[in-house]
There are 6 protein chains.
Amino acid sequence: MEAFVVRSEPYYRPVADEVELFTGAYNQRIPVLLKGPTGCGKTRFVEYMAWKLARQLHVVSGQDTSPSGDVQLPLVTIACHEDLTASDLVGRYLLDATGTRWIDGPMTRAVKTGAILYLDEVVEARKDTTVLIHPLTDHRRLLPVEKRGSVIEADDRFLLCVSYNPRYQSALKDLKPSTRQRFIAIEFDYPPPHIEADIIQRESGCSAARAETLARLGVKVRNLREHGLQEGASTRLLIYAARLMNEGLPARRACQVALVWSLTDDAELQQSIAEVVGAVVE
Amino acid sequence: MEAFVVRSEPYYRPVADEVELFTGAYNQRIPVLLKGPTGCGKTRFVEYMAWKLARQLHVVSGQDTSPSGDVQLPLVTIACHEDLTASDLVGRYLLDATGTRWIDGPMTRAVKTGAILYLDEVVEARKDTTVLIHPLTDHRRLLPVEKRGSVIEADDRFLLCVSYNPRYQSALKDLKPSTRQRFIAIEFDYPPPHIEADIIQRESGCSAARAETLARLGVKVRNLREHGLQEGASTRLLIYAARLMNEGLPARRACQVALVWSLTDDAELQQSIAEVVGAVVE
Amino acid sequence: MEAFVVRSEPYYRPVADEVELFTGAYNQRIPVLLKGPTGCGKTRFVEYMAWKLARQLHVVSGQDTSPSGDVQLPLVTIACHEDLTASDLVGRYLLDATGTRWIDGPMTRAVKTGAILYLDEVVEARKDTTVLIHPLTDHRRLLPVEKRGSVIEADDRFLLCVSYNPRYQSALKDLKPSTRQRFIAIEFDYPPPHIEADIIQRESGCSAARAETLARLGVKVRNLREHGLQEGASTRLLIYAARLMNEGLPARRACQVALVWSLTDDAELQQSIAEVVGAVVE
Amino acid sequence: MEAFVVRSEPYYRPVADEVELFTGAYNQRIPVLLKGPTGCGKTRFVEYMAWKLARQLHVVSGQDTSPSGDVQLPLVTIACHEDLTASDLVGRYLLDATGTRWIDGPMTRAVKTGAILYLDEVVEARKDTTVLIHPLTDHRRLLPVEKRGSVIEADDRFLLCVSYNPRYQSALKDLKPSTRQRFIAIEFDYPPPHIEADIIQRESGCSAARAETLARLGVKVRNLREHGLQEGASTRLLIYAARLMNEGLPARRACQVALVWSLTDDAELQQSIAEVVGAVVE
Amino acid sequence: MEAFVVRSEPYYRPVADEVELFTGAYNQRIPVLLKGPTGCGKTRFVEYMAWKLARQLHVVSGQDTSPSGDVQLPLVTIACHEDLTASDLVGRYLLDATGTRWIDGPMTRAVKTGAILYLDEVVEARKDTTVLIHPLTDHRRLLPVEKRGSVIEADDRFLLCVSYNPRYQSALKDLKPSTRQRFIAIEFDYPPPHIEADIIQRESGCSAARAETLARLGVKVRNLREHGLQEGASTRLLIYAARLMNEGLPARRACQVALVWSLTDDAELQQSIAEVVGAVVE
Amino acid sequence: MEAFVVRSEPYYRPVADEVELFTGAYNQRIPVLLKGPTGCGKTRFVEYMAWKLARQLHVVSGQDTSPSGDVQLPLVTIACHEDLTASDLVGRYLLDATGTRWIDGPMTRAVKTGAILYLDEVVEARKDTTVLIHPLTDHRRLLPVEKRGSVIEADDRFLLCVSYNPRYQSALKDLKPSTRQRFIAIEFDYPPPHIEADIIQRESGCSAARAETLARLGVKVRNLREHGLQEGASTRLLIYAARLMNEGLPARRACQVALVWSLTDDAELQQSIAEVVGAVVE
């Protein structure tokens, strides 16, 4: 599990009290659901919390430390999709020279070693995956390993965290209330412009002025969602634009490949985004 | 099966005569169907009955005791879903160094050792799973193990218990009458406020006043079901709110993450729940 | 096959000439289709006929007796469903230390040993299962074992019997005429009240008066089918009610869990059944 | 393949020139498609032709005789369905102590040994099965065994014969023209009453008068197809009725189980058939 | 691959410049798509071209000759269907006594040995099959063998040829432009009457007069397509009719089984075809 | 991976600043999405960039050179389709004489060795494939190998490039925003006539005049898209026409097989294209 430990402090800029909320939930070992649009920072936030809570555990108890002396709280991330089976998560038998051998899956390893298990886009998961998390998220904190006929008790440090983007949710892909009501939920949105400018500047190495311009551009492009754009520009795309400019590409051309062409195939919407770019970027 | 024995008395607050009904059915070995909304306590009730009936068996007959002297009535819980196959339940052949070896599934072990077998959300099960329980639930009390060409007689202590939430039932996911008419049914609902307050207080460790407030809040939020909320707040979510408050989070903020954001993605419904929270929680 | 022999006379109360019809068909080795609602006694009837015809075979010919001197006519029951494959029925190869080994399925064993093979709810079977019975049900009386490239001639005592509930049959799940016209058909319905009272009394051990009341209740509840109840109360549910009363539960409460809550989730229909219960049960 | 040889002359009553048509097609090795309703005698006809053509081959050429001196023309019958794979027909690898071993499927054995291969209800077959017969039915007369990378030339005696019931054919289950135009087609219908009476008498052993009555009944029941009956009574059902009467069952009761209840679940149609029975059977 | 070499000159009657077009495409190694109705001679044409181009290769270069001195250009024909997997075509691992062994599929063998690979009814193929041919049909001429992580360069003689019947093509089963634009296309139709008469005479051995009559009949039956006939009579069916007449069957009866009953199940269309037969055939 | 290195400079004619855009993105290791119609040169462009960037890496750093002294930047191309599983890409266990052995898939090899991984027609990929690329395309640059429980860090040279044709995109087959916003996007179209003529001349070896005529023809045929043509003629088809002319086929006939018959099955559209051909080609 060494590979899953977050070694250095991830860059994360809190927007509200999300760090306090997650810390409180973790202290109570209450599972957490993160909701928010694409690229608003949910994944980065979980990485940050895994790093931060490992520090806190270190302070609280000297026990359970790694060879390097740190308390470990590995972060196991699984991107959910409809072809991911319960066996992929829990484990399976492999044929060996001397018969079959059991291999723990990533969920089993996370449960045993006391990791934060992060199921990204959980609404994409199959039913057998979703059901797996039920006994992990109530007072039992158990993972049934049906193929072995056994039950694993979660390590005391273990926490389950899941996420999804409520804008995609349809009747077909929805969390059932019996799953949903096992989590507290924290809602995310894009950061406010002054914070987003900070993030762009830090992540791309561009000037403060350029970062501020791109943050303003982000706000304006996101407003186009009311005109049919499926999803606004993520902070990541704004950083891409800044990095292409760093490579010497003209600012508007960089925005064209990072925002206009990237966000949609619809000619009219592309025209609208291009006009926004033309108005904001010199 | 030792791992499935309920060792200590689970906390369960009876609401009506459900303990007597289940005891009577168990004495007659009549299979039981539990109906009710998410988080109303069905799972906890079955755990409690497994513990209580084991006590009763101990009194009635000194025989069949475990090494520790108790009569064992393990509780095997299976969360049903559409990818759970009959083989997952009954057992399968595994390839070994010397050929194939048979591994009993959890249903087979429950039938052999005389457990309470609890199939949670049974309407989610596949047809081959549903059909498996037919000979277990009539005068035969048999589990056919078709892959081995054998038939297992259920231990005398064995009982089948299933549950589902009638609010989700659709034409597609329904118990066929030929399955349904093998069970007596007990209907559950959320506990009345004074009992729910007791539960919240005991499970979260909060003050009686806070527990009473949260129980009142639960009733009001559940009334929003008439305005489109898919499912009311479970007792579990109310306990989550209390536990977050114990961590020092402001009461309304705790309710926002535990109830408002958790229950729905719909902005209007969130607004309605937030107003209820604002009116009840100071 | 010893496990599938019906050892003691099953309790069965004939309603009309169904015993004579089945006996005539068996003497001619004409396959039989049983039609009727849930819980009207089809399964019990087949068990009774397997026991009775074994007696008759004993009288007709002294040969083919078991170690205990009886002529054996085992009863192999298979509940059909859409995930039951031809391999599950006919047999499959298993990997062994010395290669692959063939294991006969339950249908193959029934055909070889001369059993009554009872396919319950045959309309739920997959096409490959349905097609398997064609050569078994005409003048050929053969079971092709395609995976082995062989053909098995049915033992002279073998008979195929199938059942289904015509109330569920839809366009999607229907016996094709080419399958259907291989059987004579016997239609079943709930027994008349005086016979049903006998059955309730015998199976629950309750008083004659209580049995008579419950039989009257059964008739009245079944009349609610005209008001939307999917399927009437089976005799089994009436027996459940009697057995719960034996446990000391109040009569109306026993009827509530065994009939009202058990038969439907619909509040209005529950109300109607409860009114019928209130009118009939004191 | 000894098991598939038709040893004794099957009883078959020709209705028109179908024997000459099939003989001509066989002499030219032109594949044959048989069309007709359920139970009109297609399967029996193919058995008869396999027996008859084996006699003719014996006369034409002394070569290719079996140990018993007969020319063999085995009949391999396969009931098609949507779960029958190309591997089931052509063959598959089985794991052995020394690696994998190839097992010929029934189609491969029929092609190699020069059998009549009869695919019953061919429209139910999967696409991969249907496509297999293309190179077998043109000038190539080849069976490609793709899993082994080889091609098998059909024995000179081999002929493919397929059948289906045109009344079931829907847009979804249809022979593509590229398949269909590889066959000449012979259409079958129920035999005329005087021939059908002969068949009933011979197959049931009943009196000529009873056979004549049942043949008349068959015609009248088939006329009900215009009033919604999905498929008329097959000759087989009429023979069942005669055989039940032989067992001493009353004539009308025998017709009820063999015709009325057997043909349909529809109460009105059952009433219509019962009236026809009442008018014809005393 | 010896088994796939076309040994003797196939009988093929060119209708237009299709031989020159295919030769030109082959010389440039441009993949070829053949379009046309059922039984118009596409398969025979490819066989002929494989034979003819092998002759031409022999003249052009003395190298690459077989033991018999011929240049080999095997023809590997694969009938596409929705259950044919990429593994069936490219190859798979088989378990052996000493582990797994790789077996080349027919496509891999064709690519390696420089064959004409003919994918019949390519629109029936699955997506993974269709995609396989992309790198084979551009300047790369490569077959990626993903399961082995390798790439095979096509032999210089290799050519891909595919076919389909445009009359069946639906929105669901269509070649994507990215696949389609990798081929030049040659359209086929039924041969003109004087050529078709030649073919019928040669293939059936009937008289010139009878062949001419049947060719005229073919034209008239094909005109019925405007009246709802799904597909006209193939030349093959006309040859079948001639061969049945050779067996002594009456001409109109031969046409009935080879054309009327064979082409359709629709009573009205059968009547129309029969009338055409009656007008043309004496 | 030697087999995947682009050895000689591919012929590529830049149309705009696409080489600079890709170079800038590569220097920043920003994943690239190429959009454009069939046959407009996307695949060729990626090959060219793989060759060109390998040169640039060679200049920038002397390290990481191949035996031949070049810096290697292999190009691994995968045509996506709905039957390509995550295991096909990442790797799988194979059974060996001594148990199971892991085989890296092409994606894993590309990630390890620092290749350009090109996923062609990425919208055709299954969900489990699409999700695989998420951690590869953000700051993590990781490939999780779930079946082994490990995570692979991408080599510093690695870049992911994907493509699709926006004209096919439907609601069913669409990149989710959470996937899409991980790429900058470059839009391609057919080259302008003077460039396309250069390409045709170079690739076919025809005269400048003929190439110019064919390029003009291409423009006119593409205009027919407004009249229902699904997709315009690719440059490849124009080159095919030129090469067939080189073989001595008449110009209009070459255009008929390479453009008219190839582009569509619709008779009216074929007529329109033929008229365009007649007007442009003498």
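These figures come from a predicted structure and were not determined experimentally.

**Section: the interface of chain F and chain A**
At the interface, 42 residues of chain F touch 47 residues of chain A. Looking only at chain F, the three residues that lose the most surface to chain A are Gln-28, Glu-146 and Gln-181 of chain F, adding up to 18% of its buried area. At the surface where chain F touches chain A, the tally comes to five salt bridges. Of the charged contacts in the structure, one is a salt bridge between Lys-176 of chain F and Glu-124 of chain A, with a shortest N-O distance of 3.8 Å. Ranked by residues supplied to the side of chain F that touches chain A, first place goes to helix H1 (residues 18–27) of chain F with five residues. Residues belonging to the side of chain F that touches chain A are distributed by class as follows: 15 nonpolar, 13 polar and 14 charged.

**Describing unusual backbone geometry**
Even without being a glycine, Arg-29 of chain D presents a positive backbone phi close to 55°. As for its position among the elements, Arg-29 of chain D is in the loop between helix H1 (18–27) and strand S1 (32–35). Judged by its relative accessible area of 19%, Arg-29 of chain D is buried. The phi dihedral of Arg-141 of chain F falls on the positive side, at around 50°, and the residue is not glycine.

**Observations regarding the UniProt feature "domain: CbbQ/NirQ/NorQ C-terminal" (unreviewed entry) in chain A**
Residues given the UniProt feature "domain: CbbQ/NirQ/NorQ C-terminal" (unreviewed entry) here are residues 196–279 of chain A. Across residues 196–279 of chain A, the secondary structure splits into 75% helix and 0% strand, with the terminal C-alpha atoms separated by 20 Å.

**Some points on the packing of aromatic side chains**
All names here are of chain A. In this structure the tally under the stated criterion is 30 aromatic pairs over all chains. When the ring of Phe-45 is compared with that of Phe-188, the centres are 5.2 Å apart and the planes differ by 55°; the resulting orientation is tilted. Within this pair, whereas Phe-45 is found in helix H2 (residues 42–60), its partner Phe-188 is found in the loop between strand S9 (184–187) and helix H7 (193–204), the two being separated by 143 residues in sequence. Each of the two residues, Phe-45 as well as Phe-188, counts as buried.

**Some remarks on the packing of helix H9 (residues 235–246) of chain D against helix H10 (residues 251–263) of chain D**
All names here are of chain D. Where H9 contacts H10, the two axes come as close as 8 Å, and the packing angle between them is 150°. Between H9 and H10, the angle falls in the class roughly antiparallel. Pair H9 / H10 crosses with right-handed handedness. Facing Leu-237, Leu-238, Tyr-240, Ala-241, Leu-244 and Met-245 of H9, the residues of H10 in contact are Ala-251, Ala-254, Cys-255, Val-257, Ala-258, Leu-259, Ser-262 and Leu-263. Of the residues belonging to the contact of H9 with H10, the class tally is 13 nonpolar, one polar and no charged.

**As for the relation of the copies chain C and chain D**
You can overlay chain C on chain D at an RMSD of 0.0 Å; the transform is a turn of 60° with a shift of 0.0 Å along its axis. This pairing of chains is accounted for by a six-fold axis. Taken as a fraction of all interface residues of chain C, those also at the interface in chain D reach only 2%, which identifies the copy contact as different-surface.

**Looking at the domain arrangement of chain A**
Residue and element names in this part refer to chain A. Domain annotation of chain A identifies domain 1 (2–187) and domain 2 (193–280). Of note, the centres of domain 1 and domain 2, computed from C-alpha atoms alone, are 32 Å apart. If you look at the interface, domain 1 gives eleven residues, while domain 2 gives ten residues. With both sides pooled, the region where domain 1 packs onto domain 2 buries about 940 Å², and carbon together with sulfur makes up 50% of that total. The largest share of the area that domain 1 buries against domain 2 comes from Tyr-11, Arg-13 and Arg-167, three residues that together contribute 56% of it. Applying the counting rule to domain 1 against domain 2 returns two salt bridges. Its residues assigned to classes, the side of domain 1 that touches domain 2 shows five nonpolar, three polar and three charged.

Conventions adopted
- Residues numbered from 1 in each chain as written.
- Chains lettered and ligands numbered in written order.
- Predicted model: local features only at pLDDT ≥ 70, side-chain atom pairs only at ≥ 80, totals over all residues.
- Heavy atoms only, no water.
- Contact = heavy atoms within 4.5 Å.
- Buried area = accessible area lost by both parts, 1.4 Å probe.
- Salt bridge = Lys/Arg side-chain N within 4 Å of Asp/Glu carboxyl O.
- Helix = DSSP H or I, 4+ residues; strand = E, 2+ residues; numbered from the N terminus.
- Nonpolar A, V, L, I, M, F, W, Y, C, P; charged D, E, K, R; others polar.
- Buried < 20%, exposed > 50% of the residue type's maximum accessible area, 1.4 Å probe, protein only.
- UniProt positions renumbered as here; feature names shortened; annotations may be inferred.
- Phe/Tyr/Trp six-rings, centres within 6.5 Å; stacked < 30°, edge-to-face > 60°.
- Axes fitted to C-alpha atoms, helices over the stretch in contact; angles between N-to-C directions.
- Parallel < 35°, antiparallel > 145°, perpendicular 65-115°, else oblique.
- Left-handed = near helix turned anticlockwise from the far one by under 90°.
- Least-squares fit on C-alpha atoms with pLDDT ≥ 70 in both.
- Domains from an automatic or database assignment.

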